[in-house]
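These are the residues of each chain, in order.
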Amino acid sequence: MSTSSPTSPPLPALALATLNAADEDAFVALLDGVYEHSPWIARRAFAGRAAGGFASLAALKHAMATVVREAALDEQVGLIRAHPELAGKAMVARSLTAESTNEQSKAGLTDCTPEEFARLQQLNTDYNARFGWPFILAVRGPRGDGLTRQQIIDTFARRLNAHPDIERAECLRNIHRIAEIRLNDKFGVTPTLGNQVWDWAESLARFSDPGFAENGQLTVLYLTEAHRAAAAQLADWMRECGFDEVGIDAVGNVVGVYHGEDHDKPDGQAGEPPRLLTGSHYDTVRNGGKYDGRLGIFVPMACVRELKRQGRRLKHGIELIGFSEEEGQRYKATFLGSSALVGRFDPDWLDQADGDGVVLRDLMRDAGLPGTMDAIQALQRDPARYLGFIEVHIEQGPVLNELDLPLGIVTSINGSLRYVGEVRGLASHAGTTPMDRRRDAAAAVAELILYVEERAGAVPEVVGTVGQLQVPNGSINVIPGRCRFSLDLRATTDAARDALDADVRARLAEICERRGVSFTLERTEAAAAAPSDAAWQSLWESAVDALGLPVHRMPSGAGHDAMKLHQAMPQAMLFQRGLNLGISHNPLEAISNDDTELCVQAFLALLDRL
């Protein structure tokens, strides 16, 4: 283990070819310090490498993470315990490794106030008492330039309440992030494109609606001042990136076009080849995250910026759309932005009022948009002019995180059915009504919930959720006479979705008949599954494989703009891993600059294959 001073002159960057040419002992020595006091990780990675060595730095990182994931439990815990406490005794005694000293210094942990130091010491004590190992956090953060002391303390306090199995896995993921940053330092690598995307996301998050902005929360609902400011900022950035045409259309979509090499052919010659269409949405849920939707705008922006920097034009033009609305938060008009492009904008939406009584048509006009169906219908795209639609998106789930994979290939966007329902029984005294004479509405719904969990869990890539549950006028000593509930049923194919739907509705009827209660069930939404186009999915797979990463195929449980474009043209999606257990629609939603660098590189590789 290196113990050189952190002020020592930097060593020359390590080359991957040098590492690949090394024998086992040299290989382990070259990777000394990447994983704290744990040379067994590098040794096993060497034993499992391919004949030609590692195809990329990303492949090396994944191989080492895989070694840890497949290690025995005592080895994993031993790895965690090999790390020092944050602002702990080792830091005070100046006995940290050079790497740990550098990281804790960059996070300012060597300059804690007495109050901060006391707080960290108490957290260390409480954490060790609960879990039996030190708290691990990649203090250089998702961009690599350091978390603040307050961010560290807040994360420490939050994770103190986690389940031990979940917290152990989160510690290991943070160890992998620490190792990733150390490998970048060894190889002299800076994820410049990933940093650019991360910085755009951070900057755009400064626009947030009143009532949320004051509390440091991100909320951008359709055509609020914050929404319009975000659109204007996106348009400015697109121009700076080198898009040839930039504008905001009749529903507030931000549209940028980077022309192909044949755009300026004289009249009478063959027209411009079909364009590639891409993009995602820039509106957010209330108190949401910075990357949901927006990642799919920034990644293509970074690609066009890079093409412009290189002076390159592709055969096919690129049209990027920042969709104005996808979340359905202000109006019951989900996918408003992308619906206009496929001719599915419902005219009745214009007459809807939001919670404050603001009619959509009037809101559009106040925002400087026409607010007419003629203008909206003119936005419909001719599929013959497009190669297809691709979308990059944060996964919004834990799968890639658990597999230590930065990218995943979407095979299909789940079809879904949603219901609101109510079971009616008989409200009666909780003490005087015998158990065999009850008509308990809530118990009937509880039985349904367990059936939905069992039935959906029995079939791969099928999910079912009862997310809302309410006993109107319920009382602690009254048997529930009414119980309202919701149903959300999803599957990768319409056939699997419909089979789940039929079984759940049949079981609901059977439960209510047996228990002597009645029910109502109203369907509120039906969305068809959107399987990825095979050719475009294959292009994403080739792009990911070219990075030296395993190709992992997975469904999307969430809806995306791609499922609307699917109604008009071929589509396929690429997922990027989210941090913090993959949490999304939440302020904890996060990405790393390294994962984003790979995402941009995958997009560029796909463009090259056009």
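Analysis parameters
- Residues numbered from 1 in each chain as written.
- Predicted model: local features only at pLDDT ≥ 70, side-chain atom pairs only at ≥ 80, totals over all residues.
- Heavy atoms only, no water.
- Helix = DSSP H or I, 4+ residues; strand = E, 2+ residues; numbered from the N terminus.
- Buried < 20%, exposed > 50% of the residue type's maximum accessible area, 1.4 Å probe, protein only.
- Contact = heavy atoms within 4.5 Å.
- Areas by Shrake-Rupley, 256 points an atom, 1.4 Å probe, with all protein chains shown as cover.
- Lys, Arg positive; Asp, Glu negative; His and termini not counted.
- Charge placed at Lys NZ, Arg CZ, Asp CG, Glu CD.
- 1 Å grid on protein atoms, 1.4 Å probe; cavity = no way out; pocket = protein on both sides within 12 Å on 5 of 7 lines; lining within 4 Å.
- Points joined across faces, edges and corners; volume = space filled by probe spheres on them.
- Nonpolar A, V, L, I, M, F, W, Y, C, P; charged D, E, K, R; others polar.
- Expected span 1.5 Å × (residues − 1).
- Polar contact = N/O pair within 3.5 Å; in protein donor to acceptor, adjacent residues only side chain to side chain.
- Axes fitted to C-alpha atoms, helices over the stretch in contact; angles between N-to-C directions.
- Parallel < 35°, antiparallel > 145°, perpendicular 65-115°, else oblique.
- Left-handed = near helix turned anticlockwise from the far one by under 90°.
- Core = buried A, V, L, I, M, F, W, Y, C linked by side-chain atoms within 4.5 Å.
- Salt bridge = Lys/Arg side-chain N within 4 Å of Asp/Glu carboxyl O.
- Phe/Tyr/Trp six-rings, centres within 6.5 Å; stacked < 30°, edge-to-face > 60°.
- Lys NZ or Arg CZ within 6 Å of the ring centre and 35° of its normal.
- pLDDT = per-residue confidence, 0-100.
- Pairing = 2+ DSSP bridges.
- Arc of directions from axis to C-beta.

Moving on: the overall build of the chain. For the chain, the count of helices and strands is 22 helices and 16 strands. Within the chain, the proportion of its 610 residues that are buried is 53%. Taking the contacts inside the chain whose residues are at least 6 apart along the sequence as the reference set, 77% of them involve residues at least 24 apart. Carbon and sulfur atoms provide 50% of the accessible area of the chain, an area that totals close to 26100 Å². Looking at charge distribution, the chain has the averaged site of its 61 positive side-chain charges lying 2 Å from that of its 82 negative ones.

What the rule picks out here adds up to three cavities of 30 Å³ or more. When its volume is computed, the largest cavity comes out at roughly 120 Å³. As for the largest cavity, its lining consists of His83, Pro84, Leu86, Ser100, Glu103, Gln104, Phe135, Ile136, Leu137, Val139, Ile178 and Arg182. Only α7 (98–106) and α10 (164–187) provide two or more residues apiece to the lining of the largest cavity. With three residues, α7 is the largest single contributor of residues to the lining of the largest cavity. A breakdown of the residues in the lining of the largest cavity according to their chemical character gives seven nonpolar, three polar and two charged.

Let's shift gears to helix α11 (residues 192–204). End to end, α11 covers 18 Å across 13 residues, agreeing with the expected 18 Å (1.5 Å per residue, within 8%). The inward-facing, buried residues of α11 abut α12 (225–241), α13 (295–310) and α22 (593–609).

This paragraph deals with unusual backbone geometry. Within the chain, glutamine 396 stands out as a residue other than glycine whose phi angle is a positive 65 degrees. By secondary structure assignment, the location of glutamine 396 is in the loop between β5 (386–394) and α17 (399–403). Judged by its relative accessible area of 22%, glutamine 396 is partly exposed. One non-glycine residue, aspartate 404, lies in the positive phi region at around 60 degrees. As for its position among the elements, aspartate 404 is in the loop between α17 and β6 (407–413). Aspartate 404 gets classed as buried once you look at its relative accessible area, which sits at 9%.

Right, let's get into the side chain of asparagine 414. If you trace the backbone, asparagine 414 turns up in the loop between β6 and β7 (415–424). Polar contacts involving the side chain of asparagine 414 include one to the main-chain amide nitrogen of threonine 492, which spans 3.4 Å. With residues up to four places along the chain from it excluded, the contact list for asparagine 414 reads Glu461, Val463, Arg490, Ala491, Thr492, Ala528, Ala529, Pro555, Ser556, Gly557 and Met563.

This brings us to the packing of helix α5 (residues 73–81) against α10. Two quantities define a packed helix pair, namely the angle between the helix axes and the distance between the axes. For the pair α5 and α10, interaxial distance at closest approach is 10 Å and the crossing angle is 60 degrees. With respect to α10, the axis of α5 lies oblique. Handedness of the α5/α10 crossing: left-handed. The segment α5 lies against α10, with Leu73, Gln76, Val77, Leu79 and Ile80 engaging Arg168, Cys171, Leu172 and Ile175. Here the contact of α5 with α10 is built from residues that sort into seven nonpolar, one polar and one charged.

This paragraph deals with the nonpolar core. Counting 57 residues, the largest nonpolar core has Leu234, Phe298, Met301, Leu407, Trp540, Leu574 and Leu607 as the members making the most contacts within it. Those residues in contact with phenylalanine 298 that lie beyond four places of it in its chain are Val197, Trp200, Ala201, Leu204, Leu234 and Trp237. Listed in part, the 49 residues of the second largest apolar core include Ala42, Leu123, Ala138 and Phe156.

What follows deals with the pattern of salt bridges. Overall, the coordinates contain 43 salt bridges when judged by the stated rule. Among the salt bridges present, the one from glutamate 180 reaches lysine 61, with a minimum N-O distance of 3.5 Å. Taken together, the positions of glutamate 180 in helix α10 and lysine 61 in helix α4 (residues 57–69) put the pair 119 residues apart, joining distant regions of the chain. On the accessibility criterion, glutamate 180 (11% relative accessible area) is buried. One salt bridge in this structure joins aspartate 354 and arginine 330, with 2.8 Å as the shortest N-O distance.

Right, let's talk about the packing of aromatic side chains for a bit. Under the definition given, this model contains 13 aromatic pairs. With a centroid separation of 5.7 Å and 20 degrees between ring planes, the pair formed by phenylalanine 131 and tryptophan 133 is classed as stacked. Across this residue pair, the class does not change: phenylalanine 131 and tryptophan 133 are buried. Ring geometry for tryptophan 540 versus phenylalanine 603: centroids 5.7 Å apart, planes at 75 degrees, classification edge-to-face. Residue tryptophan 540 is located in helix α20 (residues 534–546), and its partner phenylalanine 603 is located in helix α22; the two are separated by 63 residues in the primary sequence. Accessibility classification places tryptophan 540 together with phenylalanine 603 in one group, the buried group. In this arrangement the basic side chain of arginine 313 is found over the ring face of tyrosine 258, its NZ or CZ atom lying 4.3 Å from the centre.

Another point: the environment of arginine 81. Topologically, arginine 81 is positioned in helix α5. Between the C-alpha atom of arginine 81 and that of proline 134, which follows or precedes it by 53 residues, the distance is 6.2 Å. Apart from the residues within four sequence positions on either side, arginine 81 is in contact with Gly132, Trp133 and Pro134. From its side chain, arginine 81 meets the backbone oxygen of glycine 132 in a polar contact 3.0 Å long.

A few words on the environment of serine 339. Summarising the element assignment, serine 339 is placed in helix α14 (residues 336–341). Of the residues examined, serine 339 reaches a relative accessible area of 1% and is grouped as buried. A polar atom in the side chain of serine 339 sits 2.6 Å from the backbone oxygen of phenylalanine 335.

A few words on the confidence of the model for the chain. Averaged over every residue, the pLDDT of the chain is 93; the share at 70 or more is 96%. Note on residues 1–9: pLDDT is under 50 here. Beyond four places in sequence and across chains, it has 12 contacts.

It is a general feature of regular strands that their side chains alternate between the two faces of the sheet. Of all nine residues that make up β5, eight are buried, and the element is covered over most of its length. For strand β3 (residues 275–281) and β5, the ladder comprises four bridges, and the chain directions are parallel. Directly across from leucine 277, in β5, lies its bridge partner phenylalanine 389. For β5 and strand β16 (residues 571–576), the ladder comprises six bridges, and the chain directions are parallel.

Before going further, it helps to spend a moment on helix α3 (residues 39–47). Those residues of α3 that sit buried are Ile41, Ala42, Ala45 and Phe46. The buried residues of α3 occupy an angular sector of 135 degrees when projected down its axis, which confines them to one face. Along its buried surface, α3 packs onto α2 (24–30), α4 and α5.

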